[in-house]
Amino acid sequence: MADRTLAPHSPAEAHKGGKPPLLEVRNLQVEFPTRRGLLKAVRDVSFSLQEGEILGVVGESGAGKSLTGTAVIGLLEPPGRIGGGEILLNGRRIDNLPYAQMRRIRGKEIGMVFQDPLTSLNPLYTVGQQLIETIRTHTDLSEARARARALELLADVGIPAPERRIDQYPHQFSGGMRQRVVIALALCVNPKLVIADEPTTALDVSIQAQIIKVLKRLCHEHGAAVMLITHDMGVIAETADRVAVMYAGRLVEIGPVREVVKNPRHPYTRGLMGSIPVIGHDQERLNQIEGSMPRLTEIPSGCPFHPRCPEVFERCPRERPDLLPAGPSQAACWLYDPEEPRGAGHG
Amino acid sequence: MLAFIVRRVLQSIIVMLVVALVSFSLFNFVGDPINNMVGQETTQQQREQLREELGLNDPFAVQFARFVGNAVQGNFGISYRLARPVDVVIAERLPATLELAFVSALFALVVGVATGVYTALNRSGIISRVIMTISLIGVSLPTFLIGILLIWVFAVQLQWLPSFGRGDVVDLGGWRTGFLTSSGLKALILPAITLGLFQLTLIMRLVRAEMLEVLRTDYIKFARARGLPDRAINFGHALKNTLVPVITITGLQLGSIIAFSIITETVFQWPGVGLLFINAIQFVDIPLMAAYLVLIALFFVVINLLVDLLYYAVDPRLRFDASTARGH
Amino acid sequence: MSALDPLHRTKAEEPPRAPSAWARFFDSDIWYSFTRSPVTVVSALIVLIFVVGALFAPWIAPHNPFNPAELNLMDGFTPPMGEAFSGNLYLLGTDDQGRDVFSTILYGARISLFVGFCAVLFAMVLGISLGLLAGYRGGWVDSLIMRIADVQLSFPAILVALLIFGVARAMLPRSMQGEMVIWVLIIAIGLSDWVQYARTVRGTAMVEKNKEYVQAARVIGIHPLLIMLRHVLPNVLGPVLVIATIGLALAIIAEATLSFLGVGVPPTTPSLGTLIRIGNDFLFSGEWWITLFPGLALILLALSVNLLGDWLRDALNPKLR
């Protein structure tokens, strides 16, 4: 609970314009009560997202990135819950809204794309029925107008012969085609924010690029911001404007995509980048970070990464660093503390 | 579609043949059919003659074919105990059992699905917990005890409802119905509840479990993420998907109501085929036992077929499997 | 999401094959959930009381209801806690022949539990053997066994038991029927309830069959079925235990039902079901205790066993609610 007393640090971007950012997450905590105590899966995460911006969120599985996305759209599954912090959409708090009001925001203002297109669509309804139902939930379009809109959307996401396909059932579509339908469903009433949770992980490698392209193009056309959750740095590097790196429930680095990829600041991010093969470079072997991410019940003291960190020093196990400015990025690492003598030589 | 139906019908016929074989074996190998038909004073020669007349010396296959041929025409021989043709006796008793089974099945289905959905949607509510606890007691309660308890409360203590029999019946061209008289309807209440209660708890628990499973699926999460109203999610999306697997098992359960009515009919002295069967077992009345077995199997097979067709109508994946396989 | 589920994580951390099935069974999680569920503890206690009461009925029961010398016909129809003709006090009253209802329940539970346990044991051995055979041999043996199982499952167990009982009755000489009836009952109930075991074991056996150790066993000349038995059993112990517990409740109910229908245990050594059947005749004349107390005992016993089974199923499978 000591985390809560720390002053909420708004990301620098928030102060630039007078207008509040599209999405602002402040000191978000997600927790699961278990019989062995409270399991904190997301700790003290803060970031913001501007209109039309694409923020990549990366991390290993279990780092808390999906939970952060789920918390934003208000779909944490009990017993999981938001244990603290605030989520603001266009400057308005949405994390404490009553269920009925939050429901109206879902789909209309925040859309979501799930990982597995094979299971995201109801098998007993045609694609058209599912689209029309969603459109008519949030607008007062007539059945015929909603159908016309659905056809338009299907064409937009690149489904050939939408007039024929609209009356087919999900199982008659291939995986890639289904994910296009899912994207059409997520975008069908022009939400300003789309949370894409591992949208390509379950797909064939050959189709992944197409889906990302469709997602990027459509969000650009609709002016929607995207929170792109993935563990695939390649996807992030091609798509995102900014990147947030999560480790053991915390944000460890956030910054412009070029910076984070070319010049990672946090030792964990460096390890993460080192583990990606680079075409054209003769690498003997890929770098690997020693050890594995700690279980949520056994998070080390101080900086959670310190047991695996190649640059650990005596302060790391004692005190936990907050996000500190590190060039154009921010990193939660004592190396970037201006008062830290050891930090001067690095960076 | 046609191929599917043909395949199912063929399977049903095989099941019927197996059951016929079992009941034919009952006839021929359990005790000596001749001994069961004639008195002590019959001579050995007369027995041999009867044996020849009845074709009991024919090869097994011939006898079995004859049995099946007779069975198809509803001819199961003469009841040892009642000395009347089995098919006539059963036809007299069948309306009582069918009416009872129909009302119980309806009761079990309607109340079972409703409470199942309710308890799934309000998992931790107090009413749900009470219903779940009662249902567990319901599963543990033997049917005959439910009947006895109901009789004790509503017939002996409160004296609201009759404790046995069908009440007054109206004869509609050979079908004697209890639906048309008030005493007939009153007499139906306790047996119908007794017979339906077990199926009800089963259907309820099944619907609840399936519904909870469906509510956890990705497409329900995705429906929530699209902001669909709860009504649409729970009843439009979740319930429909719940019903797909529920239909099969529920159909089979309802089929077994006819067989379960043995117990209820005994408790309430309900003049149906179940009571007839129990008496047949006590008196080793083999022709009646065999006929009853075939009858139950027939119900089972017919209901199974209907369930398959219904399943086919509800789930588009079955309908289109063949066409997509060709289309892509 | 699932990776964060605490139960999931602890599972994943376990070595793939737990050291021993029993160690896994008495794993702290199960003990914890047992002590945390008062309903389960109470159910276990009730079952224990029934088992002890049934085992030691001759020492616990205040009267021996089946010793004609102890019977006092004048004490017949004494209501619960009522003053009997002889001055004896009968806790739960007496039946028409002056037998102490409480004592008859103890003796009745003895028969009910005996039939129940034996039937479950018989069904278990039969089901496991057939399941193992079906899973190991595959082919037509498998289809034959599983077809039989399918057809049988589509008929209510009670009907199957009734039929088997009826057939046995027709085949056994009349003189032997009295003493044989309990064994016939056990076999009838057992035969009507083997399918679930077979299905569970078959599934596991089909997976294990293709593992290398089975092939290796063939090479060194040990019958692979024996080897599989040793490896399949620990894997299915949990589900089999759950099926057996719920099967016990079913068997007790089945026995009571058959006895109630008049085709089960004879009135000379009555089980709970026979007691209810006998007492049912007196329900209308106001002597409710003769049938309702054995009935309550039966409900209590069946419910407790069922609750235990339910808890066991949930405790052994954390993914279920």
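Residues numbered from 1 in each chain as written. Chains lettered and ligands numbered in written order. Predicted model: local features only at pLDDT ≥ 70, side-chain atom pairs only at ≥ 80, totals over all residues.

## A few points about the sheet that holds strand β12 (residues 329–331) of chain A
Residue and element names in this part refer to chain A. Judged by pairing direction, the sheet is mixed, and its eight strands sit side by side in the order β6-β7-β8-β3-β9-β10-β12-β11 without closing on themselves. Both edges of this open sheet fall to β6 (110–113) and β11 (324–326), since each of them pairs with a single strand only. Taking each pair of neighbouring strands and ignoring which way they run, the sheet shows an average axis angle of 20 degrees. Seen against the sheet, helix α9 (residues 175–186) touches β6 and β7 (193–197) and runs at an angle of roughly 170 degrees to β6. Packed onto the sheet, helix α13 (residues 267–274) meets β9 (242–247) and β10 (250–256) and runs at close to 105 degrees relative to β9. (Pairing = 2+ DSSP bridges. Helix = DSSP H or I, 4+ residues; strand = E, 2+ residues; numbered from the N terminus. Axes fitted to C-alpha atoms, helices over the stretch in contact; angles between N-to-C directions. Contact = placed C-beta atoms within 7 Å.)

## Focus: the interface of chain C and chain B
Counting residues at the interface gives 36 residues for chain C and 33 residues for chain B. Tallied by class, residues from the side of chain C that touches chain B come to 25 nonpolar, eight polar and three charged. (Nonpolar A, V, L, I, M, F, W, Y, C, P; charged D, E, K, R; others polar.)

## As for the sheet that holds strand β1 (residues 23–34) of chain A
Across a sheet, paired strands are connected by hydrogen bonds in the backbone, their directions being either parallel or antiparallel. All names here are of chain A. Within the open sheet, the four strands sit side by side as β2-β1-β4-β5. Their pairing is antiparallel. Bordering the open sheet on either side are β2 (37–49) and β5 (92–93), each of which pairs with just one other strand. Where strand β4 (residues 81–89) meets β5, two bridges bridge the pair, whose relative direction is antiparallel. Bridge assignment links L88 to a residue of β5, and that residue is R93. Against the sheet, helix α3 (residues 65–72) touches β1, β2 and β4, its axis set at about 110 degrees to β1.

## Quick look at helix α7 (residues 143–156) of chain A
Residue and element names in this part refer to chain A. A rise of 1.5 Å per residue sets the reference length of α7, with its 14 residues, at 20 Å; its end C-alpha atoms lie 20 Å apart and thus fit the reference within 8%. Where α7 is buried, its residues touch α6 (127–138), α8 (162–165) and α9. Immediately downstream of α7, the backbone of G158 shows phi near 85 degrees, a positive value. (Expected span 1.5 Å × (residues − 1).)

## With respect to helix α6 (residues 101–137) of chain C
The end-to-end C-alpha separation of α6(C) is 52 Å, in line with the 54 Å expected for 37 residues at 1.5 Å each. Of the residues one or two after α6(C), G138(C) is the one with positive phi, at around 60 degrees.

## Digging into the pairing of β7(A)
All names here are of chain A. Summarising burial for β7: five of the five residues are buried, a large majority. Burial along β7 is two-sided: L193, I195 and D197 and V194 and A196, pointing in opposite directions, are all buried. Pairing of β7 with strand β8 (residues 225–229) involves five bridges; the strand directions are parallel. Bridging across to β8, A196 finds its partner in L228. Read from β7 through helix α10 (residues 205–222) to β8, the crossover connection turns out right-handed. (Buried ≥ 20, exposed ≤ 12 C-beta atoms within 10 Å, placed from the backbone. Right-handed = clockwise from strand over helix to strand, strands pointing away.)

## A short note on unusual backbone geometry
All names here are of chain A. Cis geometry marks the peptide bond from P78 to P79; its omega dihedral reads 5 degrees. Note that P79 resides in the loop between α3 and β4. Even without a glycine there, the phi angle at N27 is positive, about 50 degrees. By the element assignment, N27 lies in strand β1.

## A word on the packing of helix α11 (residues 273–282) of chain B against helix α12 (residues 286–314) of chain B
All names here are of chain B. It is at 8 Å that the axes of α11 and α12 come closest, and there the two elements cross at 140 degrees. Relative to α12, the element α11 lies oblique. Considering only the axes of α11 and α12, their crossing is left-handed. Contacts from V273, L276, F277, A280 and I281 in α11 reach L288, M289 and Y292 in α12. Among the residues forming the contact of α11 with α12, the class breakdown is eight nonpolar, no polar and no charged. (Parallel < 35°, antiparallel > 145°, perpendicular 65-115°, else oblique. Left-handed = near helix turned anticlockwise from the far one by under 90°.)

## Focus on the environment of F76(B)
All names here are of chain B. One can find F76 in the loop between α4 (60–72) and α5 (86–121). On a C-alpha basis, the gap between F76 and S182 in space is 36 Å, while along the polypeptide they are 106 residues apart. F76 has contacts with A71, V86, D87, P287, A290 and A291, leaving out every residue within four places of it along the chain.

## Some words on the environment of F66(C)
All names here are of chain C. Note on placement: F66 falls in the loop between α5 (57–60) and α6. Look at F66 and you get partly exposed, because 14 C-beta atoms sit within 10 Å. Separated by 203 residues in the primary sequence, F66 and T269 have C-alpha atoms spaced 7.6 Å apart. Once you skip the residues sitting within four places of it in the chain, F66 turns out to touch Y107 and T269.

## Here we look at the environment of L229(C)
Tracing the sequence through the fold places L229(C) in helix α12 (residues 224–260). On a C-alpha basis, the gap between L229(C) and V51(C) in space is 30 Å, while along the polypeptide they are 178 residues apart.

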